[in-house]
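An overview of the molecular structure
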Amino acid sequence: MTQFTPCRNCAAKLGPQKGFYFVKYKGTQQKGVVECECHKQFVQRELLQYKAAASNIWPQAFDYNIDTDYVGTKSIKEIQRLKKYVYEFSNYKNVMVYIHGPNGTQKSTLAHWIGANVLHQGYSVKYLLMQSLLMTISGFEKDEVRQQEKQAEIEKLKSVDLLIVDEAWNTSAVTLYKSGYQLPFLTQFLKERFEVARKGIVFISNVSPESIAKIFENPLQNLIARSVVRTTLKLEDNYMQTRTDFNPNSLFDEE
Ligand SMILES: [Zn+2]
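Anyway, here's the lowdown on the structure attached to this text. (Residues numbered from 1 in each chain as written. Predicted model: local features only at pLDDT ≥ 70, side-chain atom pairs only at ≥ 80, totals over all residues. Heavy atoms only, no water.)

Here's the deal with the packing of aromatic side chains
- In this structure the tally under the stated criterion is nine aromatic pairs.
- Each ring, one from Phe4 and one from Phe42, has its centre 4.9 Å from the other, and the planes form 55°; the classification is tilted. You can see Phe4 sitting in the segment before helix 1 (8-11) and its partner Phe42 sitting in helix 2 (residues 37-55), a full 38 residues away along the chain. In terms of burial, Phe4 and Phe42 fall into one category: buried.
- Aromatic side chains Tyr85 and Phe89 sit 5.9 Å apart centroid to centroid with 75° between the ring planes, which places their arrangement in the edge-to-face category. Per residue, the accessibility class of Tyr85 equals that of Phe89, and both read buried.
- Cluster of aromatic residues (ring-pair linked, three or more members): Tyr85, Phe89, Tyr92 and Tyr123.
- A cation over a ring is seen here: Lys31 above Phe22, with NZ or CZ 5.2 Å from the ring centre. (Phe/Tyr/Trp six-rings, centres within 6.5 Å; stacked < 30°, edge-to-face > 60°. Helix = DSSP H or I, 4+ residues; strand = E, 2+ residues; numbered from the N terminus. Buried < 20%, exposed > 50% of the residue type's maximum accessible area, 1.4 Å probe, protein only. Lys NZ or Arg CZ within 6 Å of the ring centre and 35° of its normal.)

In structure tokens form, the structure reads like this:
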């Protein structure tokens, strides 16, 4: 909980507690208590921060401004498409989005920005790494209670309004994927979530959708490829490099 600071309006008034003040109803002797707008907004923000923590969304993602904080111009058209998707999420709830680009292209920052925005619109969100998703959905627990807990966790991942999967289809995890044991679980999970329940997914990856086939076999590759034909975003603006290009003297002006 962050400290609540009342606004000037209600701070000057008498009330039962900070952010609330007494009012008299006109023409009567009745008194009432009113919650100030500043307190309502404070509660909204606190609630959002709480939801963000439960969704694995960075709290600072609410302060990120895509128009001023995104660095670079190469992928600006893709950013426009991303904004449309996020701002009109109610129209794109059933869509699978695939965002890819080399390391350093601000993908994770954007992933959290997406999550924060969609949360703000009142939807439920879960952000997690594909590694973590695989661990949750694969295999079975010997203990019955543990298995029920696992099942409940899987149901949550299936039913959340937006699932954001970062470090997806990561080539550095090849050995894990090649072992193949988790792949049927993943295929089943994605089919149930995306095709049956028709719930949206955002994948964040450093490989293009076409490259998935090199590591993952059908039908997983088919499912992803056909689902993201018109919803793939390629990011090319390297944060550090663009910063340096922008000010070539930045390394030398320490006087
Ligand atoms: Zn106030």
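With respect to helix 5 (residues 107-120)
- Taking 1.5 Å per residue as the helical rise, helix 5 with its 14 residues ought to reach 20 Å, and the 20 Å between its terminal C-alpha atoms agrees with that figure.
- Counting buried positions along helix 5 yields 11 of 14 residues, so the element is predominantly enclosed.
- Inspection of helix 5 places Lys107, Leu110, Ala111, His112, Trp113, Ile114, Gly115, Ala116, Asn117, Val118 and Leu119 among the buried residues, and these make up the whole buried set.
- Just past helix 5, the residue Gly122 takes up positive phi, approximately 100°. (Expected span 1.5 Å × (residues − 1).)

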